[in-house]
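# Descriptive structure summary
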Amino acid sequence: MKIVDPLVNPTAHGGKASDAFHVVIPSMPGYGFSGKPTTTGWDQARIARAWAVLMKRLGYTRYVAQGGDWGAIINDLMATQGHPELIGMHTNLPAVIPAEINKAAAAGSPPPSGLSTEEKRAYETLALLYKTIPTQFFMGWHPQTLYGVADSPIGVAAWLLDHDPLSLQLIARAFDGEPTGLTRDDVLDNTTLFWLTNTTISAARLYWEGFAKTDLGPKNVTIPVAVSLFPDEVVPAPRSWAERAYPKLIHYNQLDKGGHFAAWEQPKLLVDEMRVGLKSLR
């Protein structure tokens, strides 16, 4: 919601008219105001194919995609499915982790030899991630067992607040009145959206469908890619890894603030990155 108007009406937000985008923001099945799937099979790849169909039905013959979190994973797959209308993408969750690095981090092994200082720091961040995402693992195993969350707004809030250690710190600072990019209302609005639409369980089913299939490594994406890396992102992406994963890397930038949910936390920075990163594709 925070990035829509700056993207479609840039002159009101410090940009030029030539910076304007058409914006299509689909809500994933089971989330927000989208329908709740009544059959299995709605994993990331199927959602990616649905997005391509959606864009065709809307009449777009040339477009770019942007995403973070699940959106970034879906876009990576969309880029490998051979949709000629998709001419490039911008991501703030780049899937660049080499397979041997991912395997070692998941096993809790020491970092492999030969890593640069930046790559070693990235490895340590990744190893910490594997130790601190129990909510995602639980949704991947038994989403229906979370029915208690659907019965209590306090339960929804608790589940969303403790998403991961970095997000919890960010949200806690917001409630303490510190200027972090989020406000109390931001957090409560997000919780209320899940509560009023009764989508806590239907959203969790995507983890059952797709968490085990999630691959944060290179996928042979051959279209142009712009990467923006926020410092509190839970998945690291050194430039050396990004260049190997995305052979047509047209933009790479490390920001000085922001985390995993960039559009929510630092909308202005994300909009600026999209304008600069995708400019060459206009």
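For the structure itself, look to the data block above.
Below: a short report on this structure.

Calculation rules
Chains are numbered independently. Their residues run from 1 in the order of the written sequence. The predicted origin of the model limits local features to residues at a pLDDT of at least 70 and limits the giving and counting of side-chain atom pairs to 80 or more, whereas totals for whole chains, interfaces and linings rest on all residues. The side-chain numbers reported here are obtained from all heavy atoms of the structure, hydrogens and water having been left aside. Think of it this way: any DSSP run of H or I at least four residues long counts as a helix, any run of E at least two long counts as a strand, and we number them from the N terminus. Polar contact criterion, stated in full: a pair of N or O atoms within 3.5 Å, where within protein one must be able to donate a hydrogen and the other to accept it, and residues adjacent in sequence count only if both atoms are side-chain atoms. Working rule for contacts: check all heavy atoms of both residues, and any pair within 4.5 Å makes them a contact. Side-chain atoms within 4.5 Å link the members of a nonpolar core, which is a set of buried Ala, Val, Leu, Ile, Met, Phe, Trp, Tyr and Cys residues. Partly exposed describes any residue whose relative accessible area lies between the buried limit of under 20% and the exposed limit of over 50%, with all areas from a 1.4 Å probe on protein chains only and scaled to the type maximum. Any carboxyl oxygen of Asp or Glu within 4 Å of a side-chain nitrogen of Lys or Arg constitutes a salt bridge here.

## A look at the side chain of His 260
Looking at where His 260 falls in the secondary structure, it is placed in the loop between strand 4 (249-254) and helix 13 (262-265). Here the side chain of His 260 touches Asp 69 through a polar contact of 2.5 Å, side chain to side chain. A polar contact is formed between the side chain of His 260 and the side chain of Glu 233, at a distance of 2.6 Å. Among all residues touching His 260, those that are not within four sequence positions of it are Asp 69, Asn 92, Leu 93, His 163, Asp 232, Glu 233, Val 234 and Glu 265.

## Digging into the nonpolar core
As a rule of thumb, nonpolar side chains are buried together in soluble globular proteins. With 55 residues, the main nonpolar core has Tyr 31, Met 89 and Tyr 246 as its most contacted residues. When near neighbours in sequence (up to four residues on either side) are disregarded, Tyr 246 contacts Asp 76, Met 89, Thr 91, Pro 94, Ala 95, Val 96, Val 221, Val 225 and Val 227. Among the nonpolar cores identified, the runner-up in size contains 13 residues, and Leu 255, Leu 270, Met 274 and Leu 281 belong to it.

## Here we look at the pattern of salt bridges
For the coordinates displayed, the defined rule picks out six salt bridges. Taking the shortest distance from any N to any O, the salt bridge between Lys 56 and Glu 85 comes out at 3.9 Å. Of this pair, Lys 56 sits in helix 2 (residues 44-57) while Glu 85 sits in the loop between helix 3 (70-80) and strand 2 (86-91), and the two are 29 residues apart along the sequence. When its relative accessible area of 54% is taken as the criterion, Lys 56 is described as exposed. The shortest N-O distance in the salt bridge between Glu 243 and Arg 239 comes to 2.9 Å. Taken together, the positions of Glu 243 and Arg 239, both in helix 12 (residues 239-245) and four residues apart, correspond to about one turn of that helix.

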